[in-house]
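# Breakdown of the fold
One letter stands for each residue in the lines below.
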Amino acid sequence: MRFSLKRAAILFASVVTLGSAANASAGTQWHMPTPYGDANLPTQIAYEFAEEIKNNTAGELDIVVHSGASLIKHPEIPRAVKTGQVQLGEVFIGIMGNTHPVFKHDNIPFLATTYDSAEKLWEAAKPEVEKQLNKEGMMLLYTVAWPAQSLYTKAPVNRLADLEGQKMRAYSPSTSRLADLMNTSPTTVQVPEIPQAFSTGIIDAMITSPSTGVNGQAWDYVSNYTDVRAWIPKNVVVVNKRSFKRLDKKTQQVILDAAASAEAKGWAGVRGKAAEDTMTLAENGIVVSEPSPELMEELNKIGATMVDEWKAEAPEVETILSTYYSNL
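Here is a short report on the structure shown in this document. (Residues numbered from 1 in each chain as written. Predicted model: local features only at pLDDT ≥ 70, side-chain atom pairs only at ≥ 80, totals over all residues. Heavy atoms only, no water.)

With that settled, consider the pattern of salt bridges. Scanning all chains against the criterion turns up 13 salt bridges. Of the charged contacts, one joins R229 and D227 as a salt bridge, the two residues approaching to 2.9 Å between their closest N and O atoms. The exposure class assigned to R229 is partly exposed, which follows from its relative accessible area of 38%. Across the pair E297 and K301 runs a salt bridge whose closest N-O atoms are separated by 3.9 Å. One end of the pair is E297 and the other is K301, both in helix 10 (residues 293-311) and 4 residues apart, which spans about a single turn. Residue K301 is classed as exposed on the basis of its relative accessible area, which comes to 55%. Bridged by salt links that share partners, the residues D116, E119 and R271 form one connected network. (Salt bridge = Lys/Arg side-chain N within 4 Å of Asp/Glu carboxyl O. Buried < 20%, exposed > 50% of the residue type's maximum accessible area, 1.4 Å probe, protein only. Helix = DSSP H or I, 4+ residues; strand = E, 2+ residues; numbered from the N terminus.)

Here you go:
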């Protein structure tokens with residue numbers, strides 16, 4: 001009887017030990033929805049970010065990246081992170097412009113049109129963006145810039161009159177307003193839907209990056225790319241504050257270190273990616289051209305109008321602009 005009790009005790013202890021080891025090895029799994037496909041630089045950096053965290057926590061934190069809006073549709077990602085439906089996510093920052101004007105800073109055309117000026121604009125906007133994210137239960141991890149946004153059309157465009165009445169793709173409050181001021185009709189279309197939207201006549205033109213054009217094989221549905229370099233937008237990766245605070249300090253630091261590395265990769269990589277993808281557009285038959293002086297004059301006037309309108313939306317905007325202009 002004693003022998004049986006002893007064996008039972010040993011067996012029970014072994015099961016407990018094995019169960020604890022299994023739980024430890026399983027670690028914690030987080031889910032990270034992203035809106036763009038695997039060929040895009042921000043998504044590639046997201047995978048590297050997740051891998052670095054997994055390696056540096058010895059598998060204790062495993063972040064599963066769900067690319068191409070496969071888990072959650074793009075416009076719904078901020079709310080999913082805010083409510084804790086997912087722990088973190090990536091979003092094009094401009095689509096949050098209806099939440100607060102500070103999120104529009106890099107969607108204002110012709111405010112920052114070079115990568116150096118775009119970095120300065122981000123430095124000016126970052127404190128205000130972080131304050132607003134904090135109010136919404138989120139924390140900023142990192143950003144990845146896109147190449148400068150330029151104009152895709154079926155026919156050459158030398159002045160805005162060439163676009164009048166056409167259906168222009170919009171994907172944020174600022175791009176909708178831009179389409180209005182260009183005398184075109186704003187039509188909301190997310191990235192995965194672009195090829196079909198052109199082929200079915202839902203849209204006739206768009207302003208987006210050369211990378212988006214390459215990944216969507218824009219040469220199948222447009223013939224011209226006018227390199228207006230209207231703005232340099234960013235994706236932002238945010239984490240649910242409660243989820244982050246539940247982690248131990250060591251794991252938190254691993255995430256912050258990986259985020260800093262991801263942001264540095266993004267700013268370094270976007271410059272080369274822009275040139276490479278613009279060349280790919282040309283190699284596939286799209287006519288790549290510089291904008292006419294008349295077109296640029298018209299577009300710059302629209303940009304000035306949108307800056308003035310943005311200023312009137314919130315006092316934080318004036319803070320961003322004054323800091324940005326003083327650092328140029």
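What follows covers the packing of aromatic side chains. Per the stated rule, a full pass over the model turns up 6 aromatic pairs. Taking the centre distance of 4.9 Å and the plane angle of 70° together, the rings of Y152 and Y225 count as edge-to-face. Of this pair, Y152 sits in strand 5 (residues 150-153) while Y225 sits in strand 9 (residues 224-226); the two residues are 73 residues apart in sequence, bridging distant segments of the chain. Relative accessible area serves as the criterion here: at 0%, Y152 is assigned to the buried category. Classification of Y225 by relative accessible area gives buried; the value is 1%. (Phe/Tyr/Trp six-rings, centres within 6.5 Å; stacked < 30°, edge-to-face > 60°.)

For helix 9 (residues 249-283), built from 35 residues, the straight-helix expectation of 51 Å at 1.5 Å per residue is met to within 8% by its first-to-last C-alpha distance of 50 Å. Approximately 35° is the largest bend angle found in helix 9, and it occurs at G269. For helix 9, the capping residue at the N-terminal end is D248, with a side-chain oxygen 3.1 Å from the backbone nitrogen of K250. Directly after helix 9, the chain includes G285, whose backbone phi takes a positive value near 100°. (Expected span 1.5 Å × (residues − 1). Bend = angle between axes of the 7 residues up to and from the residue. Polar contact = N/O pair within 3.5 Å; in protein donor to acceptor, adjacent residues only side chain to side chain.)

Moving on: the environment of V64. Here V64 is to be found in strand 2 (residues 61-66). According to the relative accessible area criterion, V64 is partly exposed, its value standing at 24%. C-alpha of V64 to C-alpha of E51: the two residues are 13 residues apart in sequence and 9.3 Å apart in space. Among all residues touching V64, those that are not within four sequence positions of it are Q29, W30, H31 and M32. (Contact = heavy atoms within 4.5 Å.)

It is worth spelling out unusual backbone geometry at this point. Its identity as a non-glycine residue notwithstanding, A58 has a phi of 55°, on the positive side. With respect to the helices and strands, A58 occurs in the loop between helix 2 (41-56) and strand 2. Residue class for A58 comes out exposed when judged on its relative accessible area of 69%.

Right, let's get into the sheet that holds strand 3 (residues 88-92). Pairing between the strands of a sheet comes from backbone hydrogen bonds, and it takes one of two forms, parallel or antiparallel. Pairing is antiparallel in the open sheet, where 3 strands are placed in the order 3-10-4. Each edge of the open sheet carries a strand with a single partner, namely strand 3 and strand 4 (138-145). On average, each strand axis in the sheet is tilted by 25° relative to the strand beside it, whichever way the strands run. Against the sheet, helix 2 engages strand 3, strand 4 and strand 10 (234-240), with an angle of about 130° to strand 4. On the sheet, helix 4 (residues 115-135) packs against strand 4 and strand 10 and is oriented at approximately 145° with respect to strand 4. (Pairing = 2+ DSSP bridges. Axes fitted to C-alpha atoms, helices over the stretch in contact; angles between N-to-C directions.)

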